[in-house]
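# Coordinates in review
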Amino acid sequence: MKANVWYGKERLRVEEVPDPQILNPRDAIIRITSTAICGSDLHIYGGYIPGMLAGDIIGHEFMGEVVEVGAEVRKLKVGDRVVNPFPIACGACFFCGQSQHSLCENSNPNAWMAEKMWGHSPAGLFGYSHLLGGYAGGQAQYARIPFADVGPIKVPSGLTDEQVLFLSDVFPTGYMAAEQCQIQRGDTVAVWGCGPVGLFAVKSAQLLGAGRVIAIDRFPERLRKASDWGAEVLDYEQVDVPEALEEMTGGRGPDACIDAVGMEGHSHGAFGAYDRVKQSLMLESDRPPALREALRACRNGGTVSIPGVYGGFIDKVPFGAIVNRALTIKSGQTHVQRYLAPLLALIEQGAIDPSFIVTHSLPLEQAPEGYRMFRDKQDSCIKVVLKPWAEPPTLKSRQPQSPGQGEPQSGGTPHLH
Amino acid sequence: MATEFTQQGFDRSRQQRTGDSFESRPHIPTARRNRRNRQPPSLDALALAQGLGWFSIALGTAALIAPGSLSQLTGLDGGRRTVVRGVGIREIAAGAGILTQRNPAPWLWSRVIGDVMDLALLATGLRPGNSGRGRAAASLVTVAGVLTLDALAAAHLTRHAGHPLVSGVAAPTDLYFETSIATTRSPDECYQFWRNIENLPRFMDSVESVQARDEQHFHWIVKGPGGTTMEWDSEITEDRPGAALAWRTLEGAQVPNAGSVIFEADPRGRGTIVRLSMHYSPVGGQLTTGLAKLLHRDPQSQVREDLRRFKQLLETGEIATTRGQPTGRRSIMGRAARRWRLTNSN
Ligand SMILES: NC(=O)c1ccc[n+]([C@@H]2O[C@H](COP(=O)([O-])OP(=O)(O)OC[C@H]3O[C@@H](n4cnc5c(N)ncnc54)[C@H](O)[C@@H]3O)[C@@H](O)[C@H]2O)c1
Ligand SMILES: [Zn+2]
Ligand SMILES: [Zn+2]
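Residues numbered from 1 in each chain as written. Chains lettered and ligands numbered in written order. Predicted model: local features only at pLDDT ≥ 70, side-chain atom pairs only at ≥ 80, totals over all residues. Heavy atoms only, no water.

## A look at the packing of helix α5 (residues 170-179) of chain A against helix α12 (residues 336-349) of chain A
All names here are of chain A. At a closest axis distance of 10 Å, the pairing of α5 and α12 adopts a crossing angle of 100 degrees. Considering their axes alone, α5 and α12 lie roughly perpendicular with respect to each other. Within the contact between the two elements, α5 uses Phe171, Pro172, Tyr175, Met176 and Glu179 and α12 uses Val336, Arg338, Tyr339, Leu343, Leu346 and Ile347. Its residues assigned to classes, the contact of α5 with α12 shows nine nonpolar, no polar and two charged. (Axes fitted to C-alpha atoms, helices over the stretch in contact; angles between N-to-C directions. Helix = DSSP H or I, 4+ residues; strand = E, 2+ residues; numbered from the N terminus. Parallel < 35°, antiparallel > 145°, perpendicular 65-115°, else oblique. Contact = heavy atoms within 4.5 Å. Nonpolar A, V, L, I, M, F, W, Y, C, P; charged D, E, K, R; others polar.)

## A word on the sheet that holds strand β2 (residues 11-16) of chain A
Residue and element names in this part refer to chain A. The strand order β2-β1-β4 describes an open sheet built from three strands, whose pairing is antiparallel. Looking at the sheet topology across the chains shown, the edges are occupied by β2 and β4 (56-57). Strand direction decides the pairing type here: strand β1 (residues 2-8) and β2, joined by six bridges, are antiparallel. Of the residues in β2, the one forming a bridge with Asn4 is Val14. Against the sheet, helix α13 (residues 367-375) engages β1 and β2, with an angle of about 155 degrees to β2. (Pairing = 2+ DSSP bridges.)

## Concerning the nonpolar core
Ranked by internal contacts, the top residues of the largest apolar core, which has 79 residues, are Phe166, Leu167 and Ile258 of chain A. A per-element tally of this core places α12 of chain A first, with seven residues. The two domains that each donate at least three residues to this core are domain 1 (2-169 + 335-398) and domain 2 (174-331) of chain A. With near-sequence residues (within four places) excluded, Ile258 of chain A lies in contact with Ala177, Ala178, Cys181, Val189, Ala190, Val191, Trp192, Ala201, Ser305 and Pro307 of chain A. In this structure, Phe203, Met204, Val207 and Val274 of chain B belong to the second largest nonpolar core, which totals 34 residues. (Core = buried A, V, L, I, M, F, W, Y, C linked by side-chain atoms within 4.5 Å. Buried < 20%, exposed > 50% of the residue type's maximum accessible area, 1.4 Å probe, protein only. Domains from an automatic or database assignment.)

## What to know about the site of ligand 1
Residue and element names in this part refer to chain A. Close to ligand 1 lie 31 residues; Ser40, His43, Asp217, Arg222 and Lys377 are nearest. Contact with the protein chains removes 96% of the 860 Å² of surface that ligand 1 exposes when unbound. Of all elements in the fold, only α1 (39-45), α6 (196-207) and β12 (212-217) reach the threshold of two or more residues within the shell around ligand 1. It is α1 that provides the largest number of residues to the shell around ligand 1, a total of four residues. Domain assignment of the residues forming the shell around ligand 1 places at least three in each of domain 1 (2-169 + 335-398) and domain 2 (174-331). (Near = heavy atom within 4 Å. Areas by Shrake-Rupley, 256 points an atom, 1.4 Å probe, with all protein chains shown as cover.)

## Concerning the pattern of salt bridges
When charged atoms on two side chains of opposite charge get close, those side chains can pair. Scanning all chains against the criterion turns up 37 salt bridges over all chains. A salt bridge links Arg329 of chain B to Glu15 of chain A; its shortest N-O distance comes to 3.7 Å. Placement of the pair is Arg329 of chain B in the loop between α12 (299-316) and α13 (332-339) and Glu15 of chain A in strand β2, with the two residues belonging to separate chains. Classification of Arg329 of chain B as exposed rests on a relative accessible area of 54%. Each of Arg90, Glu91, Arg111, Asp115, Asp118 and Asp150 of chain B takes part in a single network of salt bridges with overlapping partners. (Salt bridge = Lys/Arg side-chain N within 4 Å of Asp/Glu carboxyl O.)

## Some thoughts on the coordination of the zinc ion (ligand 3)
Residues and elements named next belong to chain A. At 2.3 to 2.5 Å from the zinc ion (ligand 3) lie its protein donor atoms, namely Cys90 (SG), Cys93 (SG), Cys96 (SG) and Cys104 (SG). Here the zinc ion (ligand 3) is ringed by four donor atoms whose angles at the metal span 101 to 116 degrees, and the overall shape comes out tetrahedral. As a motif over one chain, the donors of the zinc ion (ligand 3) read C-x2-C-x2-C-x7-C. Residue Cys90 is classed as buried on the basis of its relative accessible area, which comes to 1%. The exposure class assigned to Cys96 is buried, which follows from its relative accessible area of 7%. (Donors = N, O, S within 2.8 Å, 3.2 Å for Na, K, Ca; no water. Tetrahedral: all angles 85-135°; square planar, octahedral: opposite > 155°, others 65-115°.)

## A look at the coordination of the zinc ion (ligand 2)
When a metal carries six donors in an octahedron, the ideal angles between them are 90 or 180 degrees, while four donors in a tetrahedron ideally lie at 109.5 degrees. Residues and elements named next belong to chain A. The coordination sphere of the zinc ion (ligand 2) contains the protein donors Cys38 (SG), His60 (NE2) and Asp169 (OD), at a distance range of 1.7 to 2.2 Å. Here the donor residues of the zinc ion (ligand 2) are spaced in sequence according to C-x21-H-x108-D. One end of the pair, His60, is in the loop between β4 and β5 (61-69); the other, Asp169, is in the loop between α4 (161-164) and α5, with 109 residues separating them in the sequence. Both residues of the pair, His60 and Asp169, belong to the buried class.

## Observations concerning the sheet that holds strand β16 (residues 328-331) of chain A
Residue and element names in this part refer to chain A. An order of β13-β12-β11-β14-β15-β16 is seen for the six strands of this open sheet, with the pairing classed as parallel. Each edge of the open sheet is held by one strand with a lone partner, namely β13 (232-235) and β16. For this sheet, the mean angle separating the axes of adjacent strands, direction not counted, is 20 degrees. Across four bridges, strand β11 (residues 188-192) lies against strand β14 (residues 256-259) in parallel orientation. If you follow Val189 over to β14, its bridge partner there is Ala256.

## Topic: helix α9 (residues 269-280) of chain A
All names here are of chain A. Taking 1.5 Å of rise per residue, 12 residues should cover 16 Å, and α9 covers 17 Å from first to last C-alpha, within 8% of that figure. Every buried residue of α9 is accounted for by Gly272, Asp275, Lys278 and Gln279. End-on, the buried residues of α9 take up no more than an arc of 140 degrees, which puts them together on one face. Across α9 from its buried face, at more than 90 degrees, point the exposed residues Ala270 and Ser280. Along its buried surface, α9 packs onto α10 (289-297). Met282 occupies a position one or two residues after α9 and carries a positive phi of about 60 degrees. (Expected span 1.5 Å × (residues − 1). Arc of directions from axis to C-beta.)

## With respect to the environment of Asn106 of chain A
Within the secondary structure, Asn106 of chain A sits in the loop between α2 (94-97) and α3 (111-118). With 73 residues separating them in the primary sequence, Asn106 of chain A and Thr33 of chain A have C-alpha atoms 28 Å apart. Once residues lying within four places of it in the same chain are set aside, the contact partners of Asn106 of chain A are Cys90, Cys93 and Phe147 of chain A together with Lys311, Gln312, Glu315, Thr316 and Ala320 of chain B. Engagement of the side chain of Asn106 of chain A in a polar contact is seen with the side chain of Glu315 of chain B, the distance being 2.7 Å. (Polar contact = N/O pair within 3.5 Å; in protein donor to acceptor, adjacent residues only side chain to side chain.)

## Thoughts on a nonpolar patch on the surface
All names here are of chain A. There is a patch of nonpolar side chains on the surface, built from Val277, Leu281 and Leu283 and spanning about 300 Å² of accessible area. Following the sequence through the fold, Val277 ends up in helix α9. Assessed through its relative accessible area of 46%, Val277 is described here as partly exposed. (Patch = residues over 30% accessible without salt bridge, like charges linked within 9 Å, V, L, I, M, F, W, Y side chains within 5 Å.)

## Some points on the side chain of Glu264 of chain B
With respect to the helices and strands, the residue Glu264 of chain B is situated in strand β6 (residues 257-265). There is a polar contact of 2.7 Å between the side chain of Glu264 of chain B and the side chain of Arg275 of chain B.

## Quick look at the environment of Phe94 of chain A
Relative to the elements of secondary structure, Phe94 of chain A occurs in helix α2. Look at Phe94 of chain A and you get partly exposed, because its relative accessible area is 26%. Distance from Phe94 of chain A to Leu42 of chain A, taken between C-alpha atoms, is 32 Å for residues 52 residues apart in sequence. Contact partners of Phe94 of chain A, with chain neighbours within four places excluded, come to Glu105 of chain A together with Thr184 and Arg270 of chain B.

## Section: the packing of α3 of chain A against α12 of chain B
α12 of chain B packs onto α3 of chain A with a crossing angle of 115 degrees between their chain directions and a minimal axis gap of 11 Å. The segment α3 of chain A lies against α12 of chain B, with Ala111, Trp112 and Glu115 of chain A engaging Arg304, Glu305 and Arg308 of chain B. Partitioning the contact of α3 of chain A with α12 of chain B into residue classes produces two nonpolar, no polar and four charged.

What follows is the structure, encoded as structure tokens:
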């Protein structure tokens, strides 16, 4: 099969690899119809995720059709159309028992590595380093799904791939980020980052009753999407964000703040330079400008929810603000399994159309171009969907098939704003 | 040496278990009592024992070389040279015993007895008319002080005799460790799964096969270094259904070892905490160097992985793996990582 293989920092190759096999009785194999590039993949692309090995197949947002099931698979059948959650969870351990699937105790075969790094091991993830299991990812034509009865959700044929694909990750991630804010009706929620995760957080905060959502980024097309989904927007290159937030909230600060930026935050000034130098000297693994701002801006006693991924150590975090102002910090890799059914129901009811964020659809062969474009936010790129079975582009049409100005590929479906 | 210590040592640790930890007092979790009993000795006490050992040797040497001066110094008459030489021999024996034997406690007790004898001897120096009366009195006070230290160290190490550091079970190259894992399954399910010896090779990575000779005796074939295999027979020494199992190898085992596993009901009713203690003298000495630990190849880490697989099998019916999945071309680093089994992936 064809797969997108990581060979090092900014080195990806789409190449032929063996097809996946059933390795355990609860496995299934799916033929992938759509797979996306996630902001988390950019951290791998940039070489910031420890525990990657040259030759790893990456990608963790994917869906497709079941083509083979292991002897112990009961619910899934060959031919089912499914979306697959990115954490791998057994369904039977202490954490799965309380729907904390991304903390499953039984799915990381390299748990000891994660224990050395973080103290304890979370669940294994698809295509996300050997620290998190070393599982082959889903930017490929096929993928092997462990615990197939626990993860994948069947989706109705009436919905397009683009409408349901993001149930695998970014939609539940934005939703959980907002849910963790324990929003009271009328609350003000500020969201740093208007990538897919930030956008879904904006929309979810509204679905959960926020009175006011303030979205922060610097790319106009992303800010436009956020305001299309009902947020007030701040361009952090134009305004001083903490100051603006203070003014907007009568000096008190937002009730909850969401960091949907993660470890590769962008910033100018002294801290920006400081982080870049330390990160390149490997003295600091992650750059946290958005997190610092969120911690300063949040109101006393408020919640800072962190879906943005951090991998190691960060510097100059105003911890005193957390203690003295009684902030609550919430974070985690998303417990996707927990959200699949309720969020699919929201999509079916028309409360949200996730295809709204798609800007590019490319054949899998063009994954490397897709990564570059998404990382550099070129061509107004917000979300790239890869098609593993699409015809490779001919030499002449080797241009990303951008639908232009950020209209979703699927088209036609009305969005509720 | 090895066989001597193991047979003796295991017997002792087994008595310990039978005598204290596995007796039936169901309201106190067995494991906890077992652990208290095997608590490590105070390192101060071990250091004190060492100091007393050296003191014995120094004093004994002085008594042998210069019995006259020592008699003078302690206020005894010059005529006691032979007695003092005898004391010297006794001291050197006790010191050597404390410093070289794995369990110093009996030798410390021998010092306590010696101290009492010395007190009696010195008391003769107190008789009126002895010119060295004052020095004899001072020596008496000193010996009484040493007696207190001897008795303290001896009593402490005797109390902690269950711990391999004291009991003589552990040779310097021996391994003893405890590791545990929490599972959602009940103590009974855990026990049943472990007691069915066909399951053992499924989660014990180094075990190739286990065959039952009878209910209590088993024959093990285990992977050794460099593709070799090792074999031994073991017997079950304790079997408490739903609660605990203990075993040890029989005489003549290539790698003498003993272990116990305790299935302790989780206090919050959340299943079981499985506690495994293992003790053995590994082939090729102790591998617990920093590097082996870092690479997760030290014996304790390996046994921890065994427990993890045990949990996975019980809870999910399979062991999470990526071995055999597709990958791109691996670099030298990637192949080394696989060879060293740093990652489960190929
Ligand atoms: N917790 C989870 O389970 C989970 C799941 C998916 C993604 N993530 C993480 O969420 C984060 C965002 O993912 P994404 O797919 O939206 O990626 P993305 O790269 O599209 O979005 C990041 C956005 O943050 C903006 N940004 C950068 N610096 C900023 C700053 N200082 N202030 C405000 N905005 C700033 C960028 O302009 C960009 O629009 C990543 O860290 C990703 O790893 C986490
Ligand atoms: Zn993701
Ligand atoms: Zn689990």
